[in-house]
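What follows is each chain in one-letter form.
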Amino acid sequence: MLRPATLAQLERLRAAARQRDVDLDQALYDLGVLPPVDLNEIRSCLTPDCQLTAHTTRYGHPVIEVRVSGTVSAWIHQDGSVVLEDIRLQDA
């Protein structure tokens, strides 16, 4: 991520999950994330009610935090990989 993500870019990413692949690809590129070939995993975590926050790793790589109902549910990394949080374990 060359510059901090704006709220508009994060909102565009969330909206793009319900649009064409090319729209989602571009929204990810704009945030410094390399879109994967299969966008299904990213689409599945970008629900209409999710909240997105952009972070950077200590190496300057972008990471998008995905929260649902205030709880972290996933992280989207710069290489397009998705790390899902197991919410069930947090509730135990």
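Here is a short report on the structure shown in this document.

Read from one edge to the other, the open sheet built from four strands follows the order S1-S2-S3-S4, with strand pairing classed as antiparallel. Pairing within the sheet leaves two strands with one partner each, and these edge strands are strand S1 (51–56) and strand S4 (82–84). Between one strand axis and the next, the sheet turns through 25° on average, direction left out of account. When S1 meets strand S2 (residues 62–68), the two strands line up antiparallel, connected through six bridges. Following the sheet pairing, Thr-56 is matched in S2 by Pro-62. The strands that helix H1 (residues 7–16) touches are S1 and S2; relative to S1, the one it contacts most, it runs at about 125°.

Turning next to the pattern of salt bridges. Side-chain pairs of opposite charge can arise whenever the charged atoms involved come near each other. As enumerated under the stated definition, the model contains five salt bridges in all. Across the pair Arg-43 and Asp-21 runs a salt bridge, and its minimum N-O distance is 2.3 Å. In this pair, Arg-43 is assigned in helix H3 (residues 40–45) and Asp-21 in helix H2 (residues 21–30), connecting sequence segments 22 residues apart. By relative accessible area, which is 15% here, Arg-43 ends up buried.

As a further point, take the pairing of strand S3 (residues 71–77). Where S2 meets S3, six bridges bridge the pair, whose relative direction is antiparallel. From the neighbouring strand, Arg-67 faces S3, where its bridge partner is Val-72. Counted between consecutive antiparallel strands, the loop separating S2 from S3 contains two residues, among which Ser-69 sits at a positive phi close to 55°. Counting the residues between successive antiparallel strands, the hairpin from S3 to S4 contains four residues, one of them, Gly-80, with a positive phi of roughly 85°.

Where H1 contacts H2, the two axes come as close as 9 Å, and the packing angle between them is 155°. When the axis of H1 is compared with that of H2, the two are roughly antiparallel. Helix-helix and strand crossings are classified by hand; for H1 and H2 the assignment is left-handed. Within the contact between the two elements, H1 uses Gln-9, Arg-12, Leu-13 and Ala-16 and H2 uses Asp-23, Leu-24, Gln-26, Ala-27, Leu-28 and Asp-30. Here the residues of the contact of H1 with H2 are counted per class, giving five nonpolar, two polar and three charged.

Ranked by size, the top nonpolar core spans 20 residues in total, and within it Leu-13, Leu-24, Leu-46, Leu-52, Ile-64, Val-66 and Ile-76 carry the most contacts. Every element with two or more residues in this core is listed here: H1, H2, H3, S2 and S3. The contacts of Ile-64, once residues within four sequence positions are left out, are Leu-10, Leu-13, Leu-31, Val-33, Leu-52, Thr-53, Ala-54, Ala-74, Trp-75 and Ile-76.

How each quantity is defined
- Numbering of residues starts from 1 in every chain and runs along the sequence as written.
- Where totals are concerned, whole chains, interfaces and linings use all residues; where local detail is concerned, this predicted model gives features only for residues with pLDDT of at least 70, and gives and counts side-chain atom pairs only at 80 or more.
- No hydrogens and no water enter the side-chain calculation; it runs on all heavy atoms of the structure.
- If DSSP finds at least two bridges between two strands, the strands pair.
- Numbering of helices and strands starts at the N terminus; helices are DSSP runs of H or I of at least 4 residues and strands are runs of E of at least 2.
- Every axis in this analysis is a line fitted to C-alpha atoms, fitted for helices over the stretch in contact. Angles between the N-to-C directions lie between 0 and 180 degrees.
- Note on definitions: a residue-residue contact is assigned when non-hydrogen atoms from the two residues lie within 4.5 Å.
- Salt bridges, as used here, are contacts in which a Lys or Arg side-chain nitrogen is within 4 Å of a carboxyl oxygen on Asp or Glu.
- Burial here depends on accessible area, computed with a 1.4 Å probe over protein chains only, as a share of the maximum for the residue type. Under 20% is buried, over 50% is exposed, and the range in between is partly exposed.
- For classification, angles of less than 35 degrees are called roughly parallel, those exceeding 145 degrees roughly antiparallel, those between 65 and 115 degrees roughly perpendicular, and all remaining angles oblique.
- Handedness of a crossing follows from how the near helix is turned relative to the far one, being left-handed for an anticlockwise turn of less than a right angle and right-handed for a clockwise one.
- Each residue gets one of three labels, nonpolar for Ala, Val, Leu, Ile, Met, Phe, Trp, Tyr, Cys and Pro, charged for Asp, Glu, Lys and Arg, and polar for the others, Gly among them.
- Note on terminology: a nonpolar core comprises buried Ala, Val, Leu, Ile, Met, Phe, Trp, Tyr and Cys residues joined through side-chain atoms within 4.5 Å.

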